[in-house]
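One-letter residues, chain by chain:
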Amino acid sequence: MGTLTPTLLLLTPYKMGKYNLSHRIVLAPLTRQRFYDNVPHPHAVLYYSQRATKGGLLIAEATNVSDTAKGHVHGPGIWTKEQVEAWKPIVDAVHAKGGIFFCQIWHAGRVSNSGFQPDGQAPVSSTDKPISSPVEGMEFTPPRRLRTDEIPQIVDDFRIAARNAIEAGFDGVEIHGAHGYLIDQFMKDQVNDRTDQYGGSLENRDSDPEALGLYMVKSLNKYSIAYCHMVEPRMKIGAENTKFSESLLPMRKAFNNTFMVAGGYDRNDGNKAIEENRGDLVAYGRMFLANPDLPRRFELDAPLNDYNRETFYTHDPVVGYTDYPFLEDTA
């Protein structure tokens, strides 16, 4: 008789609010730059439906909330009727496979340049300080500081985008508040030098990551947020071994609802995170990008396709996008 393989915890069911997930492997929101002129296109139907499973959660790539939100070319938008209508067949295709689909909404803030902005204006931010550290291949225009009376309109842009996402059929929205984009530009005191009610004390923002994270999750508890998605800081030890820090644990313990972790997890790391109760769900990015049937491969402990970093942000509607093979194609 063969030995029984213990159930992979990543493949166990989980109830996230009203959603019954069949497993805990989530498609992370991944910028792919294939939504020409900020409008969803039919090739995204195939891309997302390839990665959909019955009861699996997918998060769509960062989607612009307005025409001032853009930080790169060919990112999707959800502020116009045309964009909402174009999202519908993509969402329908994910739902047809039994998947659950959330839309990540964002505003790049100062991580942009005037070429992406309406009428070539400066990007908006919490500050007028330009980005100090250069990023290869990108030019950032010094931003314009938002006036206090303009900020409610930005909040409203997020509100309208969220409603548009639900109109397009998405099951929910994720608000992108990390990685140095607009919301983060308000939260970090290295950037936010305001003296109005959107600057100042810890209640408004702080650059101590743990204090800020704890304050944020406790604040989110008041609103019955479905989940909190946090990226795990990692430390490299030697050439191979990646040690996951425990810096998210205080936030995990303080947050009342589903906690999702991300940040370079493989099959074993993700399983261990569930086993040690460091998270309820694990979001996979590059690995899911290159393996559309990632949950199946994890179930079988099958070999994985390597991802090609060269095609992450190219604009081809097939190459590096929908042409990664499924397991049966490689057998």
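Residues numbered from 1 in each chain as written. Predicted model: local features only at pLDDT ≥ 70, side-chain atom pairs only at ≥ 80, totals over all residues. Heavy atoms only, no water.

Going by the annotation in an unreviewed UniProt entry, the name recorded for the protein is NADH:flavin oxidoreductase/NADH oxidase N-terminal domain-containing protein, with Salix suchowensis given as the source organism. A UniProt comment under Sequence similarities (unreviewed entry) is attached to the protein, and it reads "Belongs to the NADH:flavin oxidoreductase/NADH oxidase family." Within the UniProt record for the protein, the comment given under Cofactor (unreviewed entry) is "FMN". (UniProt positions renumbered as here; feature names shortened; annotations may be inferred.)

Draft legend 1. Looking closely at helix H3 (residues 151–167). The first and last C-alpha atoms of H3 sit 25 Å apart over 17 residues, in line with the 24 Å expected at 1.5 Å per residue. Taken residue by residue, H3 has Ile151, Ile154, Asp157, Phe158, Ala161, Ala162, Asn164 and Ala165 as its buried positions. Along the axis of H3, the buried residues cluster in a sector spanning 165 degrees; they form a single face. Next to the buried residues of H3 lie helix H2 (81–96), strand E5 (100–106), strand E6 (124–125), strand E8 (172–175) and helix H4 (182–187). (Helix = DSSP H or I, 4+ residues; strand = E, 2+ residues; numbered from the N terminus. Expected span 1.5 Å × (residues − 1). Buried < 20%, exposed > 50% of the residue type's maximum accessible area, 1.4 Å probe, protein only. Arc of directions from axis to C-beta. Contact = heavy atoms within 4.5 Å.)

Draft legend 2. Region of interest: the pattern of salt bridges. Following the criterion strictly, the structure yields 17 salt bridges and no others. With a shortest N-O distance of 2.8 Å, Asp193 and Arg145 are connected by a salt bridge. Of the two residues, Asp193 sits in the loop between H4 and helix H5 (209–220) while Arg145 sits in strand E7 (residues 144–145), which places them 48 residues apart along the sequence. Under the relative-accessibility criterion, Asp193 is labelled partly exposed at 31%. For the salt bridge of Arg267 with Asp301, the shortest nitrogen-to-oxygen distance reads 3.7 Å. Placement of the pair is Arg267 in helix H7 (residues 267–275) and Asp301 in the loop between helix H9 (294–300) and helix H10 (327–330), with a sequence separation of 34 residues. Overall, the relative accessible area of 19% leaves Arg267 in the buried class. Taking relative accessible area as the criterion, Asp301 reaches 52% and is therefore assigned exposed. Three or more residues are tied together by salt bridges with common partners; here these are Lys81, Glu85, Lys88 and Glu167. (Salt bridge = Lys/Arg side-chain N within 4 Å of Asp/Glu carboxyl O.)

Draft legend 3. Spatial organisation of the pairing of strand E13 (residues 281–284). Residues Leu281 and Ala283 line one face of E13 and the alternating positions Val282 and Tyr284 line the opposite face, and both faces are buried. Sheet analysis places strand E3 (residues 25–27) next to E13, joined by 3 bridges and oriented parallel. Among the inter-strand pairings, Val26 is bridged to a residue of E13, identified as Ala283. Both strand E12 (residues 258–262) and E13 contribute to a ladder of 3 bridges, which runs parallel. Bridging from a neighbouring strand, Val261 pairs with Val282 of E13. Between the parallel elements E12 and E13, the chain passes through H7 in a crossover that is right-handed. (Pairing = 2+ DSSP bridges. Right-handed = clockwise from strand over helix to strand, strands pointing away.)

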